[in-house]
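Below are the chains, spelled out letter by letter.
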Amino acid sequence: MTDNRYDVIIIGTGAGGGTLAYHLAPSGKRILILERGDYVPREKANWDPQVVNVDAHYNAKESWLDKDGKELHPHTNYFVGGNTKFYGAALFRLRKEDFGELRHHGGISPAWPISYDELEPYYTQAENLYQVHGNRGEDPTEPAASSPYPWPAVSHEPRIQQLSDDFARSGLKPFHVPVGVMLDEKNPRKSRCIRCNTCDGFSCLVGAKSDAQVICIDEAIKLSNVTMLTNSLVKRLETDSSGREVKSVVVERNGIVENYSADVVVVSCGAINSAALLLRSANDKHPRGLANSSDIVGRHYMGHTNSVMMAISKCPNPTIFQKTLGVNDFYFGSKDFEYPMGHISFVGKLDAITLRAGAPAIAPNFTLELMAKHSLDFWLTSEDLPDPNNRVTIGPDGKIVLTYTPNNLAAHERLQGKLKQAMKETNCAMHGHECHQGLFGRNLYVGQRIPLAGVAHQNGTIRFGHDPKTSVLDVNCKAHDVDNLYVVDGSFFPSSAAVNPALTIMANALRVGDHLMTRLGVSETTYEQNRQQDQELAVSR
């Protein structure tokens, strides 16, 4: 059926697929975007912590299995925009050193097949596209950049500024976290972002978070050459008789099976579901799964070692938008621990309702309401290392099986210790050093590692590289085994580093997009003319 033939099919609308769709849209090529979910409904519940955090109303309604065969309910989202609809929009570049081999306490983090300098122009493009707010030069580990951040950093509220000042006096180098929000602090009346407390982990009801739907998909589908089908679950990819080309994308849409084809097929379902799709697409030419002659598909799953730590102070913390402060002084180690430890920043301000869902064991007289009012809510990230036995497989019943054994944990424990020590050195104007001893006359830090179901930072299952024996994709993220198959989500990471992966996924999608335009024969002149015409049409609307 000629109507089902396209130049490019993109499966998934998140940080990778959404960004690529936006980048390719002005090419004039016929593009089909397939999204298994629908739009997040705009409703008051978008900002309700009971609905979002306790009831998990917007989470995927499916179960996976862990390595012991127990059911696992993943904290992931199937909507237009993917997981960016609910992310905290912290948009970091990987450090330059992350692209080379790094020795960790728990083993080796391997080098990437491309350098930081090769990706740097695309980081700049991605920061401009996603309207990242930040200040260059504050972060001691920040790599060199070809231009400033496009927007000034989101300012600290008084309690966070006080903590930043305390950290700086103790010898640390705190910095403003780069955040993708459409905030204009100089003109708050006209600012799209209202700086609310329901950003990190919530879908933005006013469309002011720089997610892939708002920034990319909504713009791409304005063009007549771009089509998006929602509620369209890709079941498998079928190849021609040679096994070298995907000839059919099999889709279940509203209960009906349909087939689509394209010159180029791009998978961007998230590292876990992308690996599962390739494994489910096994055939005679690809018996272990599509593009899996290396037996690497699904292996080396990484998702970071993440934890939330709450430091309780005598001083209240009335902060609304808390996710503005970061500390990377221990990212590559310290004098007393020479190995990388990771990154410290904040989560969105926790409330009593959210705390009740996973209340820590504390003294009965320490109410959740009081904890919420007096807590500083930190997010700690350490690098987990690529282990071939940490992997995605498909069980006999077709369910995803996620096998994962944590590693490099000593580094994360050290990072937690560094935060505890830093908090002891703070010096409150009202309570002095005693401020952070909580209500019990002793240091109170409540910490919990994010469980396996927390897959927000998933990456590494379809790694790229030069050698087809040890990687699935080449340096352009094309499958070694299949000539028209690409992958542009976090699957391609050879290592996880220790900052949020979203900006790197976005930047890489732009890089792969440039490669695809060359492959599709799109000239720079044609692309630029189409882009200008599209902008003029947008203004006229």
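In case you missed it, the structure is sitting above this.
So, here's what we can say about the structure.

What counts as what
- Residues numbered from 1 in each chain as written.
- Predicted model: local features only at pLDDT ≥ 70, side-chain atom pairs only at ≥ 80, totals over all residues.
- Heavy atoms only, no water.
- Helix = DSSP H or I, 4+ residues; strand = E, 2+ residues; numbered from the N terminus.
- Rg over C-alpha atoms; globule rule 2.2 N^0.38 Å.
- Buried < 20%, exposed > 50% of the residue type's maximum accessible area, 1.4 Å probe, protein only.
- Contact = heavy atoms within 4.5 Å.
- Areas by Shrake-Rupley, 256 points an atom, 1.4 Å probe, with all protein chains shown as cover.
- Core = buried A, V, L, I, M, F, W, Y, C linked by side-chain atoms within 4.5 Å.
- Pairing = 2+ DSSP bridges.
- Axes fitted to C-alpha atoms, helices over the stretch in contact; angles between N-to-C directions.
- Phe/Tyr/Trp six-rings, centres within 6.5 Å; stacked < 30°, edge-to-face > 60°.
- Lys NZ or Arg CZ within 6 Å of the ring centre and 35° of its normal.
- Expected span 1.5 Å × (residues − 1).
- Salt bridge = Lys/Arg side-chain N within 4 Å of Asp/Glu carboxyl O.
- Parallel < 35°, antiparallel > 145°, perpendicular 65-115°, else oblique.
- Left-handed = near helix turned anticlockwise from the far one by under 90°.
- Nonpolar A, V, L, I, M, F, W, Y, C, P; charged D, E, K, R; others polar.
- Lys, Arg positive; Asp, Glu negative; His and termini not counted.
- Polar contact = N/O pair within 3.5 Å; in protein donor to acceptor, adjacent residues only side chain to side chain.

## As for the overall build of the protein
Scanning the protein from terminus to terminus reveals 11 helices and 21 strands. Against the 2.2 N^0.38 benchmark of 24 Å for 541 residues, the protein shows a C-alpha radius of gyration of 23 Å, consistent with a compact globule. Across its three principal axes, the protein shows a C-alpha extent of roughly 75 × 55 × 45 Å. Among the 541 residues that make up the protein, the fraction classed as buried is 59%. Intrachain contacts of the protein at a sequence separation of at least 6 include 73% that bridge at least 24 residues. Here the protein has roughly 21600 Å² of accessible surface; of this, 50% comes from carbon and sulfur atoms.

## Some points on the side chain of S164
Here S164 lies in helix α4 (residues 158–169). S164 gets classed as buried once you look at its relative accessible area, which sits at 8%. Ignoring anything within four residues of it in the chain, the contact list for S164 reads H156, P174 and L325.

## What about the nonpolar core?
Residues I11, Y130, L237, V249 and L485 are the most contacted members of the largest nonpolar core, which totals 117 residues. Tallying contributions element by element places helix α10 (residues 502–519) first for this core, with 10 residues. Apart from residues no more than four positions distant in its own chain, I11 is found in contact with L34, V234, L237, V249, V265, V266, V267, S268, C269 and L277. Counting 21 residues, the second largest nonpolar core, distinct from the first, contains F167, F337, I344 and L415.

## Comments concerning the sheet that holds strand β19 (residues 400–403)
With respect to topology, 4 strands assemble into an open sheet ordered β4-β3-β19-β18, the strand pairing being mixed. Two strands close off the open sheet at either side, each with one partner strand: β4 (71–72) and β18 (391–394). Contacting β3 (64–66), β18 and β19, helix α6 (residues 271–280) runs over the sheet at an angle of about 40 degrees to β18.

## Examining the packing of aromatic side chains
Tallied over the entire structure, the rule returns 16 aromatic pairs. With a centroid separation of 6.3 Å and 90 degrees between ring planes, the pair formed by F92 and F175 is classed as edge-to-face. Highlighted residues: F92 in the loop between β4 and β5 (102–104) and F175 in strand β8 (residues 175–176), separated in sequence by 83 residues. The same class applies to F92 and to F175, which are both buried. Between the aromatic rings of Y301 and Y404, the centroid separation amounts to 5.7 Å while the plane-to-plane angle is 85 degrees, which identifies the pairing as edge-to-face. With Y301 in the loop between α6 and β14 (305–312) and Y404 in the loop between β19 and α9 (409–424), this pair connects stretches of sequence that are 103 residues apart. Assessed through its relative accessible area of 2%, Y301 is described here as buried. Members of the aromatic cluster, connected to one another through ring pairs, are F99, W112, Y116, Y123, F464, F492 and F493. Here R36 stacks its cationic end above the ring of Y78, 3.8 Å away from the centre of that ring. Between R95 and the ring centre of Y331, over which it is positioned, the NZ or CZ distance is 6.0 Å.

## Focus on α10
The terminal C-alpha atoms of α10 lie 25 Å apart, and with 18 residues this matches the ideal 26 Å at 1.5 Å per residue to within 8%. Within α10, 14 of the 18 residues are buried, leaving the element largely enclosed by the surrounding structure.

## Let's talk about the pairing of β14
Along β14, 8 of the 8 residues are buried, which leaves the element largely enclosed by surrounding structure. Judged by which residues are buried, β14 turns out to be covered on both faces: T305, S307, M309 and A311 on one side and N306, V308, M310 and I312 on the other are all buried. By the bridge criterion, 8 bridges tie β14 to strand β17 (residues 375–382) in an arrangement that is antiparallel. What sits directly across from M310, in β17, is D377.

## Comments concerning the pattern of salt bridges
Per the counting criterion, the structure on display carries 24 salt bridges. Between K235 and E252 there is a salt bridge, with its nearest N and O atoms 4.0 Å apart. Here the residue K235 occupies a position in strand β11 (residues 232–239), and E252 occupies one in strand β12 (residues 246–253), the gap between them amounting to 17 residues. With relative accessibility at 39%, the residue K235 sits in the partly exposed group.

## Some details on the packing of helix α1 (residues 17–24) against α10
Running from N to C, α1 and α10 point in directions that differ by 40 degrees, and their axes come no closer than 8 Å. Taken as axis vectors, α1 and α10 run oblique relative to one another. Relative to α10, α1 is oriented so that their crossing is right-handed. Contacts between α1 and α10 involve T19, L20, H23 and L24 from the former and M506, A509, L510, G513, D514, L516 and M517 from the latter. Among the residues forming the contact of α1 with α10, the class breakdown is 7 nonpolar, 3 polar and 1 charged.

## Considerations on the side chain of E383
Within the secondary structure layout, E383 lies in the loop between β17 and β18. One buried charge, E383, has no salt-bridge partner; the nearest side chain with opposite charge is R463, at 9.5 Å. A polar side-chain atom of E383 sits 3.2 Å from a polar atom in the side chain of H104. Residues within four places of E383 in sequence aside, it is in contact with D98, H104, S109, H304, N408, S495, S496, A497 and A498.

## A few points about the packing of helix α3 (residues 116–129) against α10
Closest axis-to-axis distance for the α3/α10 pair is 8 Å, and the angle between their directions is 110 degrees. Relative to α10, α3 is oriented roughly perpendicular. The element α3 and its partner α10 pack so that their crossing is right-handed. The residues of α10 that touch α3, namely those facing L119, Y122, Y123, Q125, A126 and E127, are L503, T504, M506, A507, N508, L510, R511 and D514. In terms of residue class, the contact of α3 with α10 is built from 8 nonpolar, 3 polar and 3 charged.

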